[in-house]
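The residues making up each chain are set out below.
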Amino acid sequence: MAFSTNLFYVCCLFFFAFLFTNPIRCVDGEGPLPALFVFGDSILDSGNNNIINTTTQFQANWLPYGETFFKAPTGRPCDGRLISDFIAEFANLPLIPAYFEIGTDKFLHGVNFASSGSGCLVETNRGIVIDLQTQLTHFNEVVQLLENKLGKQKSQQLLTDAVYMFSTGSNDYAFPYLTNPKFPFPKEQFSQMVLGNLTAILQKIYNKGGKKFTIFTLAPEGCSPGGRAFNAQLGGKSGDCMQELSALLEMHSNALPQKLTQLQQNLTGFNYTLFDLYKLFTERIDNPSKYGFNVSTEACCGTGPFKGINSCGGKRQVKEYDLCQNVTDYVFFDASHPTEAANKQFAQLLWNGTTDFIAPHNLKSFFQL
């Protein structure tokens, strides 16, 4: 009996020592958590542009960015957390590190590859952002790190169980307007090119083992404070959106379902869910009080008409800026990016919303598969 009791205690010690040195995070106590890999632009950039050789136009690593939650700038173009940060929290994951922060071991729960100013096209802000193709290259490097750390079989299982999040394409449409107020390309052909680049990336991640993808429709940048300010600068009616830009973004968003359905039909096991960020943003811009906001056409931080000049923090070309007193009153934090309060609402609907906004699955179901 004494021998059996001692053996029991020894086994317990080894068991608890294993747990403390090899933590395994689980969903509802059943199996390891799926990882979260994040791709795209400033809607999801958690700090990658802090590191690359870019301009302050595409950075946010100074106060008041980050002040609401982090109490310090992180590179997120927001006063606090992004949609992907909240999803990680809802899924019981740690904050997903930016690619340039992963070091040697901080990639088992996922990696954020997003880069402010980037698009689906390599040509969009070429040389000063991390375009989607380069984000894929970084993902392939992480795949190799996973294989080195876990072995081929376990890393493959991690990639298959993981969720892949994308918010990309807005800049492909928006930045041509900065050099030519009349869109310089045939619109439908251009949209098909952008969508073709996106779906090609999705298929390459699928070929690496990815099965669960969530894709955002594009935010209505033409109705952002920056879009309204630019429209006024071009001689448009004061307060109006840049209708031509918004129409392009809506065209892209409307074409996404068919493209994703085609991928699902052609790729065995490919699962997607489409998140209607365009609709959610538009509803809050048009009816802010319905969602707990007081201001939807003006930014919390910036200067000029609608505070739509991108000067928040005084580190860009224009140094003057004003900062609102109560950021939770606002849909937009700066000229084009949502506040943490808006991001939280978006993330809650992405996680567990109805098919009006997230279809055919909510993201909670993806993490529980």
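Residues numbered from 1 in each chain as written. Predicted model: local features only at pLDDT ≥ 70, side-chain atom pairs only at ≥ 80, totals over all residues. Heavy atoms only, no water.

Undergrad: What's the story with the overall build of the protein chain in this structure? I'm lost.
TA: Regarding its fold elements, the protein chain presents 11 helices and 9 strands. For 369 residues, the compact-globule estimate of 2.2 N^0.38 gives 21 Å, and the C-alpha radius of gyration of the protein chain, at 22 Å, lies within 12% of that figure. Referenced to the eigenvectors of the C-alpha coordinate spread, the extents of the protein chain come out at roughly 90 × 50 × 40 Å. Taking all 369 residues of the protein chain together, the buried fraction comes to 53%. Once local pairs closer than 6 in sequence are excluded, the contacts in the protein chain between residues at least 24 apart make up 70%. Summed over all atoms, the accessible surface of the protein chain reaches about 16500 Å², with 53% contributed by carbon and sulfur. (Helix = DSSP H or I, 4+ residues; strand = E, 2+ residues; numbered from the N terminus. Rg over C-alpha atoms; globule rule 2.2 N^0.38 Å. Buried < 20%, exposed > 50% of the residue type's maximum accessible area, 1.4 Å probe, protein only. Contact = heavy atoms within 4.5 Å. Areas by Shrake-Rupley, 256 points an atom, 1.4 Å probe, with all protein chains shown as cover.)

Undergrad: It is not clear to me how the layout of surface pockets should be interpreted in this structure. Could you clarify?
TA: There is about 940 Å³ of room inside the largest pocket. Around the largest pocket, the lining is made up of 37 residues, and of these Gln57, Leu178, Gly226, Asn310 and Ala335 lie nearest the centre. Those elements giving two or more residues to the lining of the largest pocket turn out to be helix 5 (170–179) and helix 7 (225–233). Here the residues of the lining of the largest pocket are counted per class, giving 16 nonpolar, 17 polar and 4 charged. (1 Å grid on protein atoms, 1.4 Å probe; cavity = no way out; pocket = protein on both sides within 12 Å on 5 of 7 lines; lining within 4 Å. Points joined across faces, edges and corners; volume = space filled by probe spheres on them. Nonpolar A, V, L, I, M, F, W, Y, C, P; charged D, E, K, R; others polar.)

Undergrad: When you look at helix 8 (residues 243–266) in this model, what are you seeing that I'm missing?
TA: Since the α-helix packs 3.6 residues into each turn, any two residues three or four apart lie on the same face. With 24 residues, helix 8 extends 35 Å from end C-alpha to end C-alpha; this agrees with the ideal 34 Å at 1.5 Å per step. Maximum bend of helix 8: about 30 degrees, positioned at Leu256, with proline Pro257 one to four residues after it. Within helix 8 the residues assigned to the buried category are Leu245, Ser246, Leu248, Leu249, His252, Ser253, Ala255, Leu256, Leu260 and Leu263. Elements in contact with the buried residues of helix 8: helix 5, helix 6 (187–207), strand 5 (212–216), strand 6 (271–275) and helix 9 (277–286). (Expected span 1.5 Å × (residues − 1). Bend = angle between axes of the 7 residues up to and from the residue.)

Undergrad: Before we go on, may I ask you to explain the environment of Trp351 in this structure?
TA: As for its position among the elements, Trp351 is in helix 10 (residues 340–352). Dropping the residues within four chain positions of it, Trp351 is found in contact with Ile87, Phe90, Ala91, Asn362, Leu363, Lys364 and Phe367.

Undergrad: Which parts of the structure should I look at to understand the pairing of strand 6?
TA: Moving residue by residue along a regular strand, the side chains alternate between the two faces of the sheet. Counting buried positions along strand 6 yields 4 of 5 residues, so the element is predominantly enclosed. For strand 5 and strand 6, the ladder comprises 5 bridges, and the chain directions are parallel. Counted as the bridge partner of Lys212 is Asn271 from strand 6. Taken together, the 2 bridges between strand 6 and strand 9 (residues 358–359) define a ladder with antiparallel strand orientation. The residue of strand 9 that forms the bridge with Leu274 is Ala359. (Pairing = 2+ DSSP bridges.)

Undergrad: How should I be thinking about the sheet that holds strand 3 (residues 36–40) in this particular structure?
TA: In a beta sheet, neighbouring strands are held together by backbone hydrogen bonds and run either parallel or antiparallel to one another. If you walk across this open sheet you meet the 5 strands as 3-4-5-6-9, and the pairing is mixed. Looking at the sheet topology across the chains shown, the edges are occupied by strand 3 and strand 9. Relative to strand 6, helix 8 is tilted by about 170 degrees, and along the sheet it contacts strand 5 and strand 6. (Axes fitted to C-alpha atoms, helices over the stretch in contact; angles between N-to-C directions.)

Undergrad: Could you clarify how one ought to interpret the packing of aromatic side chains in this entry?
TA: The relation between two aromatic rings is expressed through the spacing of the ring centres and the mutual angle of the planes. Under the criterion given, the structure shown has 28 aromatic pairs. Pairing Phe58 with Phe175 gives two aromatic rings, centres 5.7 Å apart and planes at 70 degrees, and the pair type is edge-to-face. Taken together, the residues Phe58 in the loop between strand 3 and helix 2 (83–90) and Phe175 in helix 5 connect sequence positions 117 residues apart. Residue classification places Phe58 among the buried positions, given a relative accessible area of 8%. Ring geometry for Tyr65 against Phe333: centres 5.6 Å apart, planes inclined by 70 degrees, an arrangement best described as edge-to-face. Remark: Phe333 occurs in the loop between strand 8 (322–323) and helix 10 and Tyr65 occurs in the loop between strand 3 and helix 2; sequence separation between them is 268 residues. An identical accessibility class is assigned to Tyr65 and Phe333; each is buried. Taken together, the ring pairs connect Phe37, Phe39, Tyr99, Phe100, Phe113, Phe139, Tyr164, Phe166, Tyr206, Phe213 and Phe270 into an aromatic cluster. The positively charged end of Lys211 is found above the aromatic ring belonging to Tyr206, 4.9 Å away from the centroid. (Phe/Tyr/Trp six-rings, centres within 6.5 Å; stacked < 30°, edge-to-face > 60°. Lys NZ or Arg CZ within 6 Å of the ring centre and 35° of its normal.)

Undergrad: How should the nonpolar core be read in this particular structure?
TA: Looking at soluble globular proteins, one finds that nonpolar side chains tend to be buried together. In this structure, Phe37, Phe139, Tyr164 and Phe166 are the most contacted members of the largest nonpolar core, which totals 50 residues. The element that contributes the greatest number of residues to this core is helix 6, accounting for 8 residues. Beyond its immediate chain neighbours, meaning those up to four positions away, Phe166 contacts Phe39, Leu44, Leu132, Leu198, Ile201, Leu202, Ile205, Phe213, Thr214, Ile215 and Phe216. Ranked by size, the runner-up nonpolar core spans 38 residues in total, among them Leu33, Phe281, Phe293 and Val331. (Core = buried A, V, L, I, M, F, W, Y, C linked by side-chain atoms within 4.5 Å.)

Undergrad: Explanation requested: the state of the cysteines in the structure shown.
TA: As used here, a disulfide is simply a covalent bond connecting the sulfur atoms of two cysteines. Scanning the entire structure with this criterion turns up 3 disulfides. For Cys223, the disulfide goes to Cys241, at an S-S distance of 2.1 Å. Disulfide Cys223 to Cys241: torsion about the S-S bond roughly 110 degrees, handedness right-handed. Placement of Cys223 in the loop between strand 5 and helix 7 and of Cys241 in the loop between helix 7 and helix 8 is noted, with a sequence separation of 18 residues between them. Residue Cys223 is classed as buried on the basis of its relative accessible area of 14%. Between the sulfur atoms of Cys300 and its disulfide partner Cys324 the distance amounts to 2.0 Å. Across the S-S bond of Cys300 and Cys324 the torsion is about -80 degrees, and the bridge reads as left-handed. (Disulfide = S-S within 2.5 Å.)

Undergrad: What exactly am I supposed to notice about the pairing of strand 4 (residues 163–167) here?
TA: Within strand 4, 5 of the 5 residues are buried, leaving the element largely enclosed by the surrounding structure. Residues Val163, Met165 and Ser167 of strand 4 are buried on one face, and the alternating residues Tyr164 and Phe166, pointing to the opposite face, are buried as well. By the bridge criterion, 5 bridges tie strand 3 to strand 4 in an arrangement that is parallel. By the bridge assignment for strand 4, Phe39 is matched with Phe166. In this sheet, strand 5 lies alongside strand 4 in parallel orientation, the contact comprising 4 bridges. In the sheet register, Met165 faces strand 5, and the bridge partner there is Thr214.

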